[in-house]
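Below are the chains, spelled out letter by letter.
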Amino acid sequence: QLDVIHGLLTNTNTGCVSIGGLLSPNITRIKFLFDKYDSDRSGYLDVEEFKEMLRDMLSGITDRDIDELVNAIMPSEHSAGLDFTDCISNFSEISKRHELIMLARRRQARLKARSRGLLFKG
């Protein structure tokens, strides 16, 4: 866990550690959401708690998309759930996968519009 936190606070160019990384809006938001959805206050998000957090964190996401993200981020070895540092260390992967899902959805909409002879903006 300390390695994850150290990696988040270390400037990759200089190697210096900065407390400013803790004040990052993303980390602050993840901490707020983690605490909000850790309903049993166990320090871990179980599958259902994690799904609820993703619904709140990501816009325009379907239940199918959430299941796909959960299966990718929370494999069976995390049976106890994800702790806060797991959430932080997986944040970029979650964001990247969400962006890919949304790009695929826009591409499908464009192709559908084009096949109907319509112009798609979006």
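The model shown is predicted, which means the values in this text are computed figures rather than measured ones. Every chain begins its residue count from 1, and numbering advances along the sequence as written. Totals for whole chains, interfaces and linings use every residue, but because this is a predicted model, local features are given only for residues with pLDDT of at least 70 and side-chain atom pairs only at 80 or more, for both listing and counting. For the side-chain quantities, the full set of heavy atoms in the structure was used; hydrogens and water were omitted.

The salt bridge criterion pairs a side-chain nitrogen of Lys or Arg with a carboxyl oxygen of Asp or Glu, the two atoms within 4 Å. A complete count under the given rule lists 10 salt bridges for this structure. Note that Asp63 is salt-bridged to Arg55, the shortest N-O span being 3.1 Å. In this structure, a network of salt bridges that share partners links the residues Glu48, Lys51 and Asp67.

This part is about the packing of helix H3 (residues 47-57) against helix H5 (residues 84-115). Each pair of packed helices gets described by two things: the angle between the helix axes and the distance between those axes. Interaxial angles span 0 to 180 degrees and are taken between N-to-C directions of axes, which are lines fitted to C-alpha atoms, for helices over the stretch in contact. Secondary structure elements follow DSSP: runs of H or I of four or more residues count as helices, runs of E of two or more count as strands, with numbering from the N terminus. Between H3 and H5, the least distance of the axes is 14 Å, while the angle of their chain directions is 50°. For the element pair H3 / H5, the angle class is oblique. The hand of the H3/H5 crossing is right-handed. On H5, the residues touching Phe50, Met53, Leu54 and Met57 of H3 are Cys87, Phe91 and Ile94. In terms of residue class, the contact of H3 with H5 is built from 7 nonpolar, no polar and no charged. Comment on the angle field: the value is read as roughly parallel under 35 degrees, roughly antiparallel over 145, roughly perpendicular from 65 to 115, and oblique elsewhere. Crossings are sorted by hand: turned counterclockwise from the far helix by less than a right angle, the near helix makes the crossing left-handed, and turned clockwise it makes it right-handed. Throughout, a contact is declared for two residues whenever any of their heavy atoms are within 4.5 Å. Classes in brief: Ala, Val, Leu, Ile, Met, Phe, Trp, Tyr, Cys and Pro nonpolar; Asp, Glu, Lys and Arg charged; the others, Gly included, polar.

Among the secondary structure elements, Lys31 is positioned in helix H2 (residues 25-37). Note: C-alpha distance between Lys31 and Cys87 (56 residues apart in sequence) is 8.9 Å.

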